[in-house]
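# Examination of the molecular architecture
Chain by chain, the residues run as shown.
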Amino acid sequence: MIPFLLYALIVVAAIQILYFLLFGLFAFEKTKRRKLQNIPVSVIVCAKNEAENLKILIPQLLQQAYQNFEIVLINDASSDETLNVMEEFKAANNTIKIVNVENNEAFWGNKKYALTLGIKAATNDYLVFTDADCVPASKSWLAEMTQHFSGTKTIILGYGAYARKKHSFLNLLIRFETLMAAVQAFSYAKLGIPYTAVGRNLAYHRSEFYKVNGFINHIKIRSGDDDLFIKDAATGKNTSICYSKNSVTISQPKTSFGAWFRQKRRHVSTSSHYKFIHKFLLGTFYSSQILFWILAIILLCTNLWMLALGILGIRVLVQYFVIGFSAKKLKEQDTLYMLPILEFFLVVIHFGIFIANTISKPTHWK
């Protein structure tokens, strides 16, 4: 029995190493300098009960070092002062357009319905999306995201980081999970099979939205205005990635484990609607992660512990090498200090999310 477990550990470790080599498509990609352009852009922000966050975000959007852009603010049936805040900024800035969405019985609380109205109201064909509860990392955010548009590249996947909190294990865990999600998203995009994006830092040409009839294929699914849209619209030919230091958006992370766990449940719930190839690749990666740690822990308690430790060491070294280069690109190097521990916790949490989502459906957009 014990030798069989050792052989199983070798196979699972080999699968994991193959995945890390795949992630090298992003980790070792050479950064290309691109020519800045000044195409007309509409920045779209969908907000529901985000009055305080908008007071922080809108001034930073207005300060973007970009000449030709408008800001489309969507008030999604807010019950706080969100609309008033939008109107105050609009009164002083003619670059702002407001779309006020009232509750619709057929699309009650559906963010995709609100976004659709905002996209239709946008003046420009090039659209850049962000969320009300995050901010651009720099005044060059808009310029750096849009410089990736070209005659063939009409969908741009950006990186949405989380702010650092000192002396917080939860913060490290959240940022490590975000790093790993980005590594996979960018690597699959480089492979030619993009599957996801973050709505707080995403750009695409309006034509891509209409080619797939917007969100119609998943309009009844509350989440997925980013990843399920990418599933329908993105290909290896029309998609580019943007991860430069100044192109990042920064969000405030959850401060309690329960709130973060609920947020991750919502995000993960859309994965059942992915294409088969993506479900297979993602499922195999996470399954092999779980098996690797289970087998490694069991074998470390046997007389084959030295062999198990050697396999564990090789796998972790490869992981450090690949994820280390990725973390350097995304300015998340501090997550590497506790990498094996963070990964172990993340594996357990993902398993817990799988069980929780199997038992009941998570709640969605406010």
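Predicted, not measured: the structure shown is a model, and the values here were computed from it.

For the protein, the count of helices and strands is 12 helices and 10 strands. Over its C-alpha trace the protein gives a radius of gyration of 21 Å, about what one expects of a compact globule, namely 21 Å for 366 residues. Along the first, second and third principal axes, the C-alpha set of the protein runs to 75 × 45 × 40 Å. Looking at the protein as a whole, 53% of its 366 residues qualify as buried. For the protein, long-range pairs separated by at least 24 residues make up 83% of all intrachain contacts whose partners lie at least 6 apart in sequence. Total accessible area on the protein stands at roughly 17200 Å², and carbon and sulfur atoms take up 62% of it.

In this section: the pairing of strand β2 (residues 69–76). Here β2 lies mainly inside the structure; 8 of its 8 residues are buried. Covered by surrounding structure in β2 are F69, I71, L73 and N75 together with E70, V72, I74 and D76, the residues of both alternating faces. Sheet topology note: the strand β1 (residues 41–47)/β2 ladder contains 7 bridges and is parallel. By the bridge assignment, V41 is partnered in β2 with F69. The parallel pair β1 and β2, bridged by helix α2 (residues 51–62), forms a crossover whose chirality is right-handed. With 6 bridges joining them, β2 and strand β3 (residues 96–101) adopt parallel strand pairing. In the strand pairing of β3, N75 is matched with N100. Taken together, β2, helix α3 (residues 82–92) and β3 constitute a β-α-β crossover, and its handedness is right-handed.

Its volume calculated, the second largest pocket comes out at about 380 Å³. Lining the second largest pocket are 20 residues; nearest its centre among them are E29, R34, H148, S240 and I241. Those elements that place two or more of their residues in the lining of the second largest pocket are α6 (169–191) and β9 (239–241). Per-element accounting of the lining of the second largest pocket gives the leading share, 3 residues, to β9. Partitioning the lining of the second largest pocket into residue classes produces 4 nonpolar, 8 polar and 8 charged.

Each value, and the rule that gives it
- Residues numbered from 1 in each chain as written.
- Predicted model: local features only at pLDDT ≥ 70, side-chain atom pairs only at ≥ 80, totals over all residues.
- Heavy atoms only, no water.
- Helix = DSSP H or I, 4+ residues; strand = E, 2+ residues; numbered from the N terminus.
- Rg over C-alpha atoms; globule rule 2.2 N^0.38 Å.
- Buried < 20%, exposed > 50% of the residue type's maximum accessible area, 1.4 Å probe, protein only.
- Contact = heavy atoms within 4.5 Å.
- Areas by Shrake-Rupley, 256 points an atom, 1.4 Å probe, with all protein chains shown as cover.
- Pairing = 2+ DSSP bridges.
- Right-handed = clockwise from strand over helix to strand, strands pointing away.
- 1 Å grid on protein atoms, 1.4 Å probe; cavity = no way out; pocket = protein on both sides within 12 Å on 5 of 7 lines; lining within 4 Å.
- Points joined across faces, edges and corners; volume = space filled by probe spheres on them.
- Nonpolar A, V, L, I, M, F, W, Y, C, P; charged D, E, K, R; others polar.

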